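# Per-entry structural report
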Amino acid sequence: DVKVTQSSRYLVKRTGEKVFLECVQDMDHENMFWYRQDPGLGLRLIYFSYDVKMKEKGDIPEGYSVSREKKERFSLILESASTNQTSMYLCASKRKALGPPYEKLFFGSGTQLSVL
Amino acid sequence: LAKTTQPISMDSYEGQEVNITCSHNNIATNDYITWYQQFPSQGPRFIIQGYKTKVTNEVASLFIPADRKSSTLSLPRVSLSDTAVYYCLVGDKRKTGANNLFFGTGTRLTVIP
């Protein structure tokens, strides 16, 4: 089965710090995603990448950037962390679907980030 | 994006069949219906997808009426380990990624002993 690995399970950072969240998938998937999950708000898409060095903004890209230098790795960067970025961050990947199932995402276990 | 509406929470006793209904009145011709399951402290997991009629796999069944304006996820004989949040999503098969899937807050199913 697909494995999506996020580098940290828990992370505590200070306001203003630059934060890197790393995600690696092992199934040669073309597409990778970063979501954040907050109580009462569900999952919200931050950024999406459909190929190496390619990216698209999701619903809430403000305050975030991403990097995809290799196919298996997708990094989320908080340029200057703020307290309102305290959240659970979930990485996902999926193959480029030519037939069903469509949009079958494989998620990592998440990184709970606390910004103090 | 086709909007979906599902109950916020449901309770069920162990061993019962659970049906979670999702409403998607604005579903379009190229949209597929997908359900994900999320256990505490884990990312969501794809469980089933369908376009029309009935789909069954080892985890669940998905019933979709002819007008496709709703769908029902059926979990047979639930156990405590089925306690999770269940998300109903509608997405266009021609698209991917950004702005194609909206997870929302899902339905929190609690299975009671």
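Residues numbered from 1 in each chain as written. Chains lettered and ligands numbered in written order. Predicted model: local features only at pLDDT ≥ 70, side-chain atom pairs only at ≥ 80, totals over all residues. Heavy atoms only, no water.

What follows covers the overall build of chain B. Helices and strands together make up the secondary structure of chain B, namely zero helices and nine strands. Its helices and strands in sequence order give chain B the pattern β-β-β-β-β-β-β-β-β, from N to C terminus. Expected size for 113 residues packed as a compact globule is a radius of gyration near 13 Å; at 14 Å, chain B falls within 12% of this value. By the burial criterion, 49% of the 113 residues in chain B qualify as buried. (Helix = DSSP H or I, 4+ residues; strand = E, 2+ residues; numbered from the N terminus. Rg over C-alpha atoms; globule rule 2.2 N^0.38 Å. Buried < 20%, exposed > 50% of the residue type's maximum accessible area, 1.4 Å probe, protein only.)

Another aspect to go through is the overall build of chain A. The number of helices and strands found in chain A is zero helices and 11 strands. For 116 residues, the compact-globule formula gives about 13 Å, and the C-alpha radius of gyration of chain A, at 14 Å, lands near that figure. Principal-axis analysis of the C-alpha atoms places the extent of chain A at approximately 45 × 30 × 25 Å. Within the span of chain A, comprising 116 residues, buried residues form 48% of the whole. In chain A, once contacts between residues fewer than 6 apart in sequence are set aside, the share between residues at least 24 apart is 56%. (Contact = heavy atoms within 4.5 Å.)

Time to look at the packing of aromatic side chains. One pass over the structure, following the stated rule, counts 13 aromatic pairs over all chains. On the numbers, 4.9 Å between centres and 25° between planes, the contact of Phe33(A) with Phe48(A) is stacked. Placement of Phe33(A) in strand E4 (residues 31-38) and of Phe48(A) in strand E5 (residues 42-51) is noted, with a sequence separation of 15 residues between them. For the residue pair Phe33(A) and Phe48(A), the accessibility class agrees, reading buried in each case. Aromatic ring contacts, followed pair by pair, group Phe33(A), Tyr35(A), Phe48(A), Tyr50(A), Phe107(A), Tyr36(B), Phe46(B), Tyr87(B) and Phe103(B) into a single cluster. When the ring centre of Tyr10(A) is taken as reference, the NZ or CZ atom of Arg9(A) above it lies at 5.5 Å. Seen from the ring of Tyr51(B), Arg68(B) lies directly overhead, with NZ or CZ sitting 3.9 Å from the centre. (Phe/Tyr/Trp six-rings, centres within 6.5 Å; stacked < 30°, edge-to-face > 60°. Lys NZ or Arg CZ within 6 Å of the ring centre and 35° of its normal.)

Between chain A and chain B, the residue contacts involve 25 residues of the former and 22 residues of the latter. Roughly 1800 Å² of surface becomes buried between chain A and chain B when both sides are summed, with 56% attributable to carbon and sulfur atoms. In this structure, the connection of chain A to chain B is made through zero salt bridges. Connecting chain A to chain B are seven residue pairs in polar contact (both at pLDDT 80 or more). Where the side of chain A that touches chain B is concerned, the elements lending two or more residues are E4, E5, strand E6 (54-57) and strand E9 (87-94) of chain A. Classifying every residue of the side of chain A that touches chain B by side-chain character gives 12 nonpolar, six polar and seven charged. (Buried area = accessible area lost by both parts, 1.4 Å probe. Salt bridge = Lys/Arg side-chain N within 4 Å of Asp/Glu carboxyl O. Polar contact = N/O pair within 3.5 Å; in protein donor to acceptor, adjacent residues only side chain to side chain. Nonpolar A, V, L, I, M, F, W, Y, C, P; charged D, E, K, R; others polar.)

Before going further, it helps to spend a moment on the state of the cysteines. Counted under the stated rule, the structure contains two disulfides over all chains. Sulfur-sulfur distance for the disulfide between Cys23(A) and Cys91(A) comes to 1.9 Å. The chirality of the disulfide connecting Cys23(A) with Cys91(A) is left-handed, given an S-S dihedral of about -80°. One end of the pair, Cys23(A), is in strand E3 (residues 19-25); the other, Cys91(A), is in strand E9, and 68 residues separate them in sequence. In this structure Cys23(A) comes out as buried when scored by relative accessible area, which is 0%. Here Cys22(B) engages in a disulfide with Cys88(B); their sulfurs sit 2.1 Å apart. Around the S-S axis, the bridge from Cys22(B) to Cys88(B) shows a dihedral of about -80° and counts as left-handed. (Disulfide = S-S within 2.5 Å.)

Read these as geometric descriptors, not functional statements.
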